[in-house]
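Structural overview for review
Now for the letters of each chain:
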Amino acid sequence: MSAVVDETLDLAAHEAAVADPRAGAVVSFQGVVRDHDHGRGVTLLEYEGHPTAAAILREVAEEIAADPAVYAVAVSHRIGTLEIGDVALVASVSTAHRAAAFAACARLVDEAKARLPIWKRQVFRDGTEEWVNCP
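None of these values were measured; they are calculated from a predicted model.

Structural notes on the overall build of the chain
A tally of helices and strands in the chain yields three helices and nine strands. When its helices and strands are written in sequence order, the chain yields β-α-β-β-β-α-β-β-β-α-β-β. What you see for the chain is a C-alpha radius of gyration of 15 Å, in line with the 14 Å of a compact globule of 135 residues. Across the 135 residues in the chain, those meeting the buried criterion constitute 39%. About 7200 Å² of surface is accessible on the chain, with carbon and sulfur atoms providing 52% of the total. Of the side-chain charges in the chain, 12 are positive and 20 negative, and the distance between the mean point of each set is 4 Å.

Focus on the sheet that holds strand β5 (residues 70-78)
On the basis of which strands lie adjacent, the open sheet formed by four strands has the order β1-β5-β7-β2 and mixed pairing. Single-partner strands in this sheet number two, and they are β1 (2-5) and β2 (25-32). Neighbour-to-neighbour, the strand axes of this sheet turn through a mean angle of 5 degrees, independent of strand direction. Where β2 and strand β7 (residues 87-95) come together, eight bridges link them in antiparallel fashion. Directly across from Phe29, in β7, lies its bridge partner Ala91. With respect to the sheet, helix α3 (residues 98-115) is in contact with β2, β5 and β7, its orientation differing from that of β7 by roughly 145 degrees.

Observations concerning the packing of aromatic side chains
Taken as a whole and judged by the stated rule, the model has zero aromatic pairs. Between Arg40 and the ring centre of Phe124, over which it is positioned, the NZ or CZ distance is 3.7 Å.

A word on the layout of surface pockets
Where empty space is left in the structure can be found by rolling a water-sized probe over the atoms. Its volume calculated, the largest pocket comes out at about 430 Å³. Forming the boundary of the largest pocket are 22 residues, of which Tyr47, His77, Lys113, Lys120 and Asn133 lie nearest the centre. Of all the elements in the fold, those that place two or more residues in the lining of the largest pocket are β2, β3 (36-37), β4 (40-49), β7, α3 and β8 (118-124). Split into classes, the residues belonging to the lining of the largest pocket amount to 13 nonpolar, five polar and four charged.

Considering the pattern of salt bridges
Tallied over the entire structure, the rule returns eleven salt bridges. One salt-bridge network, held together by shared partners, links Glu59, Glu63, Glu111 and Arg115.

Describing the nonpolar core
Judged by nonpolar contacts, the single largest core of 29 residues is most densely connected at Tyr47, Val73, Val75, Ala91, Val93, Leu108 and Leu116. Listed by contribution, the elements that provide at least two residues to this core are β2, β4, α2 (53-65), β5, β7, α3 and β8. Ignoring any residue separated from it by four or fewer positions in sequence, one finds Val75 in contact with Met1, Ser2, Ala3, His14, Leu57, Ala61, Leu89, Val90, Ala91 and Leu108.

What about unusual backbone geometry?
Positioned with a positive phi, His38 is a non-glycine residue whose angle comes to about 50 degrees. Mapped onto the fold, His38 is located in the loop between β3 and β4. Since its relative accessible area comes to 76%, His38 is described here as exposed.

Concerning the packing of α2 against α3
It is the contact of α2 with α3, at a shortest axis distance of 10 Å, that shows an interaxial angle of 155 degrees. What the angle tells us is that α2 and α3 run roughly antiparallel. Note on packing geometry: the crossing formed by α2 with α3 is right-handed. Along its contact with α2, which presents Ile56, Leu57, Glu59, Val60, Ala61, Glu63 and Ile64, the element α3 presents Ala104, Arg107, Leu108, Glu111, Ala112 and Arg115. Of the residues belonging to the contact of α2 with α3, the class tally is eight nonpolar, no polar and five charged.

Definitions and limits used
Residues numbered from 1 in each chain as written. Predicted model: local features only at pLDDT ≥ 70, side-chain atom pairs only at ≥ 80, totals over all residues. Heavy atoms only, no water. Helix = DSSP H or I, 4+ residues; strand = E, 2+ residues; numbered from the N terminus. Rg over C-alpha atoms; globule rule 2.2 N^0.38 Å. Buried < 20%, exposed > 50% of the residue type's maximum accessible area, 1.4 Å probe, protein only. Areas by Shrake-Rupley, 256 points an atom, 1.4 Å probe, with all protein chains shown as cover. Lys, Arg positive; Asp, Glu negative; His and termini not counted. Charge placed at Lys NZ, Arg CZ, Asp CG, Glu CD. Pairing = 2+ DSSP bridges. Axes fitted to C-alpha atoms, helices over the stretch in contact; angles between N-to-C directions. Contact = heavy atoms within 4.5 Å. Phe/Tyr/Trp six-rings, centres within 6.5 Å; stacked < 30°, edge-to-face > 60°. Lys NZ or Arg CZ within 6 Å of the ring centre and 35° of its normal. 1 Å grid on protein atoms, 1.4 Å probe; cavity = no way out; pocket = protein on both sides within 12 Å on 5 of 7 lines; lining within 4 Å. Points joined across faces, edges and corners; volume = space filled by probe spheres on them. Nonpolar A, V, L, I, M, F, W, Y, C, P; charged D, E, K, R; others polar. Salt bridge = Lys/Arg side-chain N within 4 Å of Asp/Glu carboxyl O. Core = buried A, V, L, I, M, F, W, Y, C linked by side-chain atoms within 4.5 Å. Parallel < 35°, antiparallel > 145°, perpendicular 65-115°, else oblique. Left-handed = near helix turned anticlockwise from the far one by under 90°.

What follows is the structure, given as structure tokens:
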């Protein structure tokens, strides 16, 4: 399961998607919009995605899922305007053991952040803004 969507992300749905009777570990991650960045107050974020973002996220998920230790992977990134406390990224992984699940989930999140053509506009409390992760 992988998706780029403009709706609220559901952690429980991601965890259900990776359920497997062989799994002794399910590790999940939520990337949550925080109220600051590098000492500056943030009021909201806006994510814009390239039309290829969903396909690239699917590729990342498939690469992580190809690891023989990984039973299942689910990952989604939200686009659109998000407020403080909203979830921008959800990733879940199931494996037989916790160490492998933590490692796979970390790889999943790191690869998604590195490769996804999704750009973030931060709006600061002082009214200024900046784009992050733009080519």
